[in-house]
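Listed below, chain by chain, are the residues.
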Amino acid sequence: MASTLALLEAVVKRLAGAFPHLAVELYPERPSEYRLNHPRGALLVGYVRSHYGAPVDTEIMAQERSVEVSVAVLMRGLHDGAGAVPTLDAVRQAVIGWKMPDCDKSRIVGDRFLDQSAGLWTYELTFSGRTLVLEDEEPDAGPILKHITTEDGFERTETIKHPDGSITYEEFPP
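Please read these numbers as outputs of a predicted model, since none were measured by experiment. (Residues numbered from 1 in each chain as written. Predicted model: local features only at pLDDT ≥ 70, side-chain atom pairs only at ≥ 80, totals over all residues. Heavy atoms only, no water.)

Q: Explain a negative patch on the surface to me, and be specific about the residues and the numbers.
A: Side chains of D57, E59, E135, D136, E137 and E138 sit close together on the surface and give a patch of like negative charge. Take E59: it is sitting in the loop between β2 (41–55) and β3 (62–75). Overall, the relative accessible area of 80% leaves E59 in the exposed class. (Patch = residues over 30% accessible without salt bridge, like charges linked within 9 Å, V, L, I, M, F, W, Y side chains within 5 Å. Areas by Shrake-Rupley, 256 points an atom, 1.4 Å probe, with all protein chains shown as cover. Salt bridge = Lys/Arg side-chain N within 4 Å of Asp/Glu carboxyl O. Lys, Arg positive; Asp, Glu negative; His and termini not counted. Charge placed at Lys NZ, Arg CZ, Asp CG, Glu CD. Helix = DSSP H or I, 4+ residues; strand = E, 2+ residues; numbered from the N terminus. Buried < 20%, exposed > 50% of the residue type's maximum accessible area, 1.4 Å probe, protein only.)

Q: Can you break down the nonpolar core residue by residue, with the values?
A: Considering soluble globular proteins, one finds that nonpolar side chains tend to be buried as a cluster. In terms of nonpolar packing, the biggest core is built from 29 residues, with L15 and L43 touching the most fellow members. Elements with a minimum of two residues in this core: α1 (4–18), β2, β3, α2 (84–95) and β5 (120–134). Residue contributions to this core peak at six residues, all from α1. Residues within four places of L43 in sequence aside, it is in contact with L15, F19, L22, A23, V24, E25, V71, A72, V73, T87 and V91. With eight residues, the next largest nonpolar core counts Y34, L36, L44 and A72 among its residues. (Core = buried A, V, L, I, M, F, W, Y, C linked by side-chain atoms within 4.5 Å. Contact = heavy atoms within 4.5 Å.)

Q: Describe in detail the packing of aromatic side chains, supporting the description with residues and values.
A: Within this structure, the stated rule accounts for two aromatic pairs. Each member of the aromatic cluster is reached from another via a ring pair, and the members are F113, W121 and Y123. (Phe/Tyr/Trp six-rings, centres within 6.5 Å; stacked < 30°, edge-to-face > 60°.)

Q: Would you mind going over α1 in detail, with residue names and values included?
A: Here α1 spans 21 Å end to end across 15 residues, near enough to the 21 Å set by a 1.5 Å rise per residue. Of all the positions in α1, only L7, L8, A10, V11, V12 and L15 are classed as buried. Tucked inside the fold, the buried residues of α1 contact β1 (23–26), β2, β3, α2 and β5. (Expected span 1.5 Å × (residues − 1).)

Q: Tell me about the side chain of S128, and name the residues and values.
A: Note on placement: S128 falls in strand β5. According to the relative accessible area criterion, S128 is buried, its value standing at 5%. S128 has contacts with S66, V67, E68, M100, K105, S106, R107 and V109, leaving out every residue within four places of it along the chain.

Q: Just give me the short version of α2, but keep the residues and values in it.
A: Taking 1.5 Å per residue as the helical rise, α2 with its twelve residues ought to reach 16 Å, and the 16 Å between its terminal C-alpha atoms agrees with that figure. Listed in full, the buried residues belonging to α2 are A84, T87, L88, V91, A94 and V95. Down the axis of α2, the buried set is contained in an arc of 120 degrees. They therefore lie on one face. Directly after α2, the chain includes G97, whose backbone phi takes a positive value near 85 degrees. (Arc of directions from axis to C-beta.)

Q: I'd like a description of the pattern of salt bridges, backed by residues and values.
A: The full count for this structure, using the stated rule, is seven salt bridges. As a salt-bridge pair, D89 and R92 come within 2.7 Å of each other at their nearest N and O atoms. One end of the pair, D89, and the other, R92, are both in helix α2, three residues apart, so they sit about a helical turn from each other. A residue is classified by how much of its surface remains accessible, and D89, at 36% relative accessible area, is partly exposed. With a shortest N-O distance of 2.8 Å, R92 and D111 are connected by a salt bridge. Of this pair, R92 sits in helix α2 while D111 sits in strand β4 (residues 107–117), and the two are 19 residues apart along the sequence. Relative accessible area serves as the criterion here: at 22%, R92 is assigned to the partly exposed category. Classification of D111 as partly exposed rests on a relative accessible area of 36%. Three or more residues are tied together by salt bridges with common partners; here these are D89, R92 and D111.

Q: A description of the pairing of β3 should follow, citing residues and the corresponding values.
A: Of all 14 residues making up β3, twelve are buried, and the element is well covered by its neighbours. Direction of pairing for β2 relative to β3: antiparallel, over a ladder of twelve bridges. Along β3, the bridge assignment pairs P55 with Q63. Between β2 and β3, which pair antiparallel in sequence order, lie six residues. Relative to β5, β3 runs antiparallel, the two sharing 14 bridges. Paired with L74 across the strands is T122, a residue of β5. (Pairing = 2+ DSSP bridges.)

So, in structure tokens, the structure goes:
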């Protein structure tokens, strides 16, 4: 089960390969201080939220997790070939149906216009993938199994694990 950061880094890698002409990076920790230095634009990848399903009935705690990831598209143009609108369409095609690590195929949640300031157009696309989260199960504190006897009606078999790690099998005919 991949961590949230591992999922985001996989998205950055996927988009960097698909958009070598743009800056592709994790969403900045201080968005208000972010300055686009790239001459064309940037794709900023961020974690939005997760939704969790009901626990699965097993011996350990297991829940479905739907992870939402956003890609902010920051472009210096709007409609031209390198503009925000065509880039948003291309990002959508790059992530729809793609599998993040340990997830099923990605699906689009939505996209929207965020801002226009000083010739910089910003849109956001959100997509999600489902995975399973599992508890870190505690090791069994009970006795270690060392000896098994099986009987099938015709013969008896003894399987013994010795302190040195070796295992012996003995069959006893009826």
